[in-house]
Amino acid sequence: MKRKRVKELLAGPVTGEKVLVKGWVRTKREIKNVAFVALNDGSTINNIQVVIDISLFPADLLRDITTGASLGVTGTLEASQGKGQSVEILASEVVLYGKCDPDIYPLQKKGHSMEFLREIAHLRFRTNTFGAVMRIRHAMAFGIHKYFNDRGFFYLHTPVITGSDAEGAGEMFHVTTLDLNDLPHTDKGAVDFEKDFFGKPTNLTVSGQLEGELGALALGEIYTFGPTFRAENSNTPRHLAEFWMIEPEMAFWDLNDNMDMAEDFLKYLIKYALDNCREDLEFLNKMIDKDLIERLEFVLANSFVRLTYTEAIKILEAADHKWEYEIGWGRDLQAEHERYLVEVHFKRPVILTDYPKAIKAFYMKLNDDSNTVRAMDVLFPGIGEIIGGSQREEELDKLTRRIEEMNLPLKDLWWYLDTRKFGTVPHSGFGLGFERLILFMTGMSNIRDVIPFPRTPRNAEF
Ligand code: 4AD
Ligand code: MG
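Residues numbered from 1 in each chain as written. Chains lettered and ligands numbered in written order. Predicted model: local features only at pLDDT ≥ 70, side-chain atom pairs only at ≥ 80, totals over all residues. Heavy atoms only, no water.

## Some thoughts on the overall build of the protein chain
Condition: Secondary structure elements are taken from DSSP: a helix is a run of H or I of four residues or more, a strand is a run of E of two residues or more, and numbering for both begins at the N terminus. Summary of the burial criterion: residues with accessible area below 20% of their type's maximum are buried, those above 50% are exposed, and those between are partly exposed, where the area comes from a 1.4 Å probe applied to protein chains only. The contact definition used throughout considers only heavy atoms, calling two residues in contact when any of these lie within 4.5 Å. In short, Shrake-Rupley with a 1.4 Å probe defines the accessible areas, and a residue's cover is counted only from the protein chains shown. Neither His nor the chain ends is counted toward charge; the positive residues are Lys and Arg and the negative residues Asp and Glu. Taken as the charge location is NZ of Lys, CZ of Arg, CG of Asp or CD of Glu.
A tally of regular secondary structure across the protein chain gives 13 helices and 16 strands. Burial status across the protein chain gives 50% buried among its 462 residues. Within the protein chain, residue pairs in contact and separated by at least 24 positions form 66% of the contacts whose partners lie at least 6 positions apart. Per element, the accessible surface of the protein chain, about 22600 Å² overall, is 52% carbon and sulfur. Taking the average place of the 56 positive charges on the side chains of the protein chain and the average place of its 69 negative ones, the gap between the two points comes to 6 Å.

## Quick look at empty space enclosed by the protein
Going by this rule: Of the two site types, the cavity is a set of points on a 1 Å grid over the protein atoms alone where a 1.4 Å probe fits but cannot get out, and the pocket is an open set with protein on both sides within 12 Å along at least five of seven lines, each lined by residues with an atom within 4 Å of a point. Grid points are joined across faces, edges and corners, and a volume is the space filled by probe spheres set on the points.
All chains considered together, the criterion is met by 2 cavities of 30 Å³ or more. Estimates place the volume of the second largest cavity at around 30 Å³. Residue lining of the second largest cavity: G208, Q209, G212, I222, T224, E247, P248, E249, R392 and F430, and that is the complete set. Put simply, the parts of the chain that give the lining of the second largest cavity at least two residues each are α5 (209-219), β10 (221-229) and β11 (242-251). For the lining of the second largest cavity, the leading source of residues is β11, giving 3 residues.

## Quick word on the sheet that holds strand β13 (residues 350-356)
Put simply, the rule is: The rule for pairing is simple: two strands pair if DSSP sees at least two bridges between them. Between N-to-C directions, angles cover 0 to 180 degrees, with each direction set by a line fitted to C-alpha atoms, over the stretch in contact for helices.
An order of β6-β10-β11-β16-β15-β14-β13-β12 is seen for the 8 strands of this open sheet, with the pairing classed as mixed. Taken across any chain shown, the strands that pair with only one partner, and hence form the sheet edges, are β6 (154-155) and β12 (305-308). Where β6 and β10 come together, 2 bridges link them in parallel fashion. Directly across from Y155, in β10, lies its bridge partner Y223. In this fold helix α4 (residues 128-150) packs onto β6, β10 and β11, with an angle of close to 150° to the strand it touches most, β10. α5 rests against β6, β10, β11 and β16 (427-433) of the sheet, and its axis sits at about 30° to β11.

## Here's the deal with the packing of aromatic side chains
As a reminder, the rule being used: For Phe, Tyr and Trp, where Trp contributes only its six-membered ring, two rings pair if their centres lie within 6.5 Å, and the inter-plane angle classes them as stacked under 30 degrees, edge-to-face over 60, or tilted in between. Two thresholds decide whether a charge sits over a ring: the Lys NZ or Arg CZ must be within 6 Å of the ring centre and within 35 degrees of the ring normal.
Evaluation of the coordinates by the stated rule reveals 22 aromatic pairs. Their ring planes at 80° and their centres at 5.2 Å tell us that W323 and Y340 sit as a pair that is edge-to-face. Of this pair, W323 sits in the loop between α9 (309-318) and α10 (335-345) while Y340 sits in helix α10, placing them 17 residues apart in sequence. Judged by relative accessible area, Y340 falls into the buried class, the value being 13%. An aromatic cluster is defined as three or more aromatic residues linked by ring pairs; in this entry it consists of Y147, F148, F153, Y155, Y223, W253, F265, Y268, Y272 and F430. Positioned over the ring face of Y268 is R151, at 5.3 Å from the centre of the ring.

## Section: the pattern of salt bridges
To keep things clear, this is the line we draw: What counts as a salt bridge is simple: a side-chain nitrogen of Lys or Arg found within 4 Å of a carboxyl oxygen of Asp or Glu.
A complete count under the given rule lists 32 salt bridges for this structure. The salt bridge partner of D275 is K271, with a shortest N-O separation of 2.7 Å. One end of the pair, D275, and the other, K271, are both in helix α6 (residues 255-276), 4 residues apart, so they sit about a helical turn from each other. D377 is the partner of K360 in a salt bridge, and the nearest nitrogen-oxygen pair spans 3.1 Å. Here K360, found in the loop between β13 and β14 (372-380), pairs with D377, found in strand β14; they are 17 residues apart in sequence, far enough to count as distant. With respect to class, K360 is no different from D377; both count as buried. Through salt bridges with shared partners, one network takes in K365, E393, E394, E395 and K398.

## A look at a nonpolar patch on the surface
So the rule is basically this: To count toward a patch, a residue needs a relative accessible area above 30% and no salt bridge. Like charges then connect within 9 Å, nonpolar side chains (Val, Leu, Ile, Met, Phe, Trp, Tyr) within 5 Å.
Taken together, the side chains of V160, I161, F197 and F198 define a hydrophobic patch exposed on the protein surface, amounting to about 370 Å² of accessible area. Residue classification places F197 among the exposed positions, given a relative accessible area of 61%.

## A closer look at the side chain of T372
Using the following cut-off: Any N or O atom pair separated by 3.5 Å or less is treated as a polar contact, with the protein-specific requirement of one donor-capable and one acceptor-capable atom, and with residues adjacent in sequence counted only for side-chain atom pairs.
In this fold, T372 is placed in strand β14. Using a relative accessible area of 6% as the deciding quantity, one classes T372 as buried. Engagement of the side chain of T372 in a polar contact is seen with the side chain of D369, the distance being 2.6 Å. If we skip the residues at most four places from it in the chain, T372 touches W329, D354, Y355, P356, K357, K365, L366 and N367.

## Observations regarding unusual backbone geometry
The backbone phi angle of K32 is positive, close to 50°, even though this residue is not glycine. As for its placement among the helices and strands, K32 is situated in the loop between β1 (18-31) and β2 (34-40). Of note, the phi angle at N407 is positive, near 55°, even though the residue is not glycine. Within the fold, N407 resides in the loop between α11 (396-405) and α12 (414-421).

## Re the pairing of strand β5 (residues 87-98)
Bridge count for strand β3 (residues 48-53) against β5 is 3 bridges, and the pairing is parallel. When the bridges of β5 are listed, V50 appears paired with I89.

## Considering the environment of T205
Mapped onto the fold, T205 is located in the loop between β9 (202-204) and α5. Residues T205 and G42 lie 163 residues apart in sequence; the distance between their C-alpha atoms is 33 Å. Aside from chain neighbours lying at most four places away, what touches T205 is P159, V160, T162, M172, P227, T228 and F229.

## Things to note about the sheet that holds β9
One open sheet accounts for 3 strands, arranged β7-β9-β8; its pairing is antiparallel. The sheet is open, and its two borders are formed by β7 (161-162) and β8 (174-175), each paired with just one other strand. Here 2 bridges tie β8 to β9, and the two strands are oriented antiparallel to one another. The residue of β9 that forms the bridge with H174 is N203.

## Description of α12
What counts is decided by this rule: The directions from the helix axis to the C-beta atoms form the arc being described.
Buried residues of α12: Y416, L417, T419 and R420, and no others. Seen along its axis, α12 keeps its buried residues to an arc of 140°; they face one direction. On the buried face of α12, the contacting elements are α5, α11 and β16. Phi for G423, located one or two positions after α12, is positive at around 70°.

Below, the structure written as structure tokens:
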């Protein structure tokens, strides 16, 4: 007989048909001659109730049906007489795939702290919370590809290993096959990267943008969606050393087009989650964050505020608030400032534009004031910066000057500069941090809990 998913059984009409389900035991209760087993197979947050007539099965089999054990159950699907579920399976055959010793199984029925679950990240998928988060994460990845595909964007695979630290976005992880205990040296005593795998120093990428631009300047509209790596030592609930980023890049789009799409894109994803992940969202709303669904619906229904960095600084300077980090024109905004604007002042998402050039990347288009650049950061409630992007500098001379001013290695960027020599066009793009998006969508409070295997300073277990 072909196995059916629990999700399918709970959704379909009750027919009295014979079915086969397979999954893991969440709980078992025995009342008189009947055992009630809640079975979950990961397809949904909900369990299916299996009703076992104790007199029909061997005692040792029944004893081994404990939380965490894996079973195959054949039986008839009936309308449930009990409360809390609409259907149940009256078991006629039970196969025990794997026992789960309750004396050593770390997941007990009682709730566990997120910190404890991080220590058993190999098992935390089996909890309701992580099941819900992982299903939402999947739905968001799928929704992202659908959004772009439906709009004629092409998915471009940019490299994970890169020869340039062009972005200057953060500390990079080196990639090498050299023996660190026996490094080759040049005559001048430096490490001889000629002898390394690629014949030069290489790193894990911090962003696919620069390569993405090369694609956009031929294919029109592209996006990347891949892992990125930053070795910044920021141990915060918003930073990972390995995270996933979505980076659309569009030829002939200006900053306004870019902002319009960022807002439309985020709202599309919120709606996609509300339409497709209802049960998981309701669970998280009940157990993790009681304002979650309301906040999602609020962001969906309201337009984002758009204002310049300069206007934002004025608001922050006038605010009656004690800042941990000083504010002033020219300083970068910290999470506390971003969240004040969003959560206290405007009470809705904000897109900040036109930042001082000194605190933004070299590739952002210079404004006519020669002081600010056409940057845009989208700031979200509870998160702070969720998207960073800009219109790009398409003029060769201005771009070259910025690279020199910022002391970046001009010669390493020859291929990037070529696009400005050969048929350059105005273009724009942005990067959405996938895990920050999932934080917002799930109401979880630590970014380590929305990625299957978090990589943070001093932590690369599992
Ligand atoms: O603002 P960032 O650094 O922008 C870029 O990398 C550009 N190349 C994007 C582009 O224009 N194509 O990063 C973009 C987003 C941030 O807004 C944030 O959501 C996320 O990536 N992000 C991180 N997420 C988790 N951990 C980290 N360490 C992150 N650093 C950035
Ligand atoms: Mg940024």
